[in-house]
Every structure is written in structure tokens, then in C-alpha cells.
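Report on the structure
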Amino acid sequence: RSMARGNPSAAALGGEGFDLGTFLPFRISALANRLARRLARISGARFQLTAPEWRIIAVLGQFGAVQNHPVIEITCLDPVRMSRAVSGLLHKGYITRGETPEDRRCAMIELTEAGRVVFDAIIPLAIEAEESALAAASKADRENLERILTKLEQATQDSGGEDEAG
């Protein structure tokens, strides 16, 4: 579990007293990445979707047509990854993109019928993957986790989202 303990180079690098294995942002980021890779394997195998593409489909499936900026905020994708994922989804025929009348620089994206089929097929698989991961915790643990995550989300909402965790 401890990555820095017993590592002579940790002290040389100024890491004395610091344990990456217990550092919350690192642990949350690593867990999120493992879960995202699991979902990407599921969605990639059946629908040839990358993790960012799956996130965008999930957002559009839940909220309908959305401007690209809120999708960036909801998915925590940087604009470059968002742009690549949108391009991939357009190429696959899963979304459409159009200009908004108010601001031509802002695109409105929406699932196509094919995209809706993918969303409807992926959600049960995603829920199953989530349940599989959460099976390691008791009901009380899951309730506590939900409370803690909500508190952490509230405590970090004002950070502006500019910096990446981890």
C-alpha cells in the first residue's frame, strides 16, 4: 500500500513524511481510472467507445441535447479530450453537433438514434460494473461512502475545475 515508505529516493526527492499510497487525491484518481478502464473495456468491446466517448454518451443520454461547455464540466474532460471524443462520436454516427443560435462558438451536441441505442445498451452494463465494485462494501459502508463523497464534492466545488487531481 505504501509507495514512499522504505524508498530511499523518497527522502532525497523531498517526500519524507509523504505517502502517495495514502494521499486522497491520488487514491481517488487511481480508483476512478480503474473504474473508467473497466467501463471502457465493456463499452469498447461492444461499441468501440473510448472512456471519454462513453462519458459523453452517458451525459447526453441522461440530459438530452446539451451545449459542449456543460458536458466538459460534468465529465471533467479537458477541452482537447472532449473535442477528440466528440469527433469520434460524430464519425461513428452516435451524436450530432450543431451551432447554438445565441453563440456560434458554442456547439450543441445530441445523441442520434444509434447513440440512444448504445446508451440504452450500455447503462445496464455500467450499473452491473458499479454493483460489482460496490459488492466489496456493506450497505452501511456504501451509505457512508455516499455521504463522504457528497461532502467532498461540496467542499471542492469552488475549486473552479482548472486543476487535475492526482
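Residues numbered from 1 in each chain as written. Predicted model: local features only at pLDDT ≥ 70, side-chain atom pairs only at ≥ 80, totals over all residues. Heavy atoms only, no water.

Quick word on the nonpolar core
Counting 26 residues, the largest nonpolar core has L49, I56, I57, L60, V71, M82 and I109 as its most contacted members. In terms of residue count, helix α3 (residues 51-63) provides more of this core than any other element does, 6 residues in total. Contact partners of M82, with chain neighbours within four places excluded, come to I56, N68, V71, I72, L77 and I109. (Core = buried A, V, L, I, M, F, W, Y, C linked by side-chain atoms within 4.5 Å. Buried < 20%, exposed > 50% of the residue type's maximum accessible area, 1.4 Å probe, protein only. Helix = DSSP H or I, 4+ residues; strand = E, 2+ residues; numbered from the N terminus. Contact = heavy atoms within 4.5 Å.)

Things to note about a positive patch on the surface
Taken together, the side chains of R34, R37, R38 and R41 make up a positively charged region of the molecular surface. With respect to the element layout, R37 can be found in helix α2 (residues 24-47). (Patch = residues over 30% accessible without salt bridge, like charges linked within 9 Å, V, L, I, M, F, W, Y side chains within 5 Å. Areas by Shrake-Rupley, 256 points an atom, 1.4 Å probe, with all protein chains shown as cover. Salt bridge = Lys/Arg side-chain N within 4 Å of Asp/Glu carboxyl O. Lys, Arg positive; Asp, Glu negative; His and termini not counted. Charge placed at Lys NZ, Arg CZ, Asp CG, Glu CD.)

Regarding the packing of α3 against helix α6 (residues 113-134)
Packed helices, taken two at a time, are described by the angle between their axes plus the distance between the axes. Interhelical geometry of α3 versus α6 gives an angle of 105° and a closest axis separation of 10 Å. In terms of their interaxial angle, α3 and α6 are classed as roughly perpendicular. Residues W54, I57, A58, L60, G61 and Q62 of α3 pack against G115, R116, V118, F119, I122, I123 and A126 of α6. (Axes fitted to C-alpha atoms, helices over the stretch in contact; angles between N-to-C directions. Parallel < 35°, antiparallel > 145°, perpendicular 65-115°, else oblique.)

Here we look at helix α4 (residues 68-75)
Among all positions of α4, only N68, V71, I72 and T75 are buried. Buried residues in α4, looked at end-on, bunch into an arc of 105°, giving them a common side. Along its buried surface, α4 packs onto α3, β1 (66-67), α5 (79-92) and β3 (107-111). After α4 finishes, the residue C76 shows a positive phi value of roughly 60°. (Arc of directions from axis to C-beta.)

Concerning the confidence of the model for the protein chain
Looking at the protein chain as a whole, the pLDDT averages 84, with 85% of positions reaching at least 70. Predicted confidence in the protein chain is weakest over helix α1 (residues 8-12), with a mean pLDDT of 49, and strongest over α5, with 95. Counting interchain partners and residues more than four positions distant, the pLDDT-below-50 stretch residues 161-166 has 5 contacts. (pLDDT = per-residue confidence, 0-100.)

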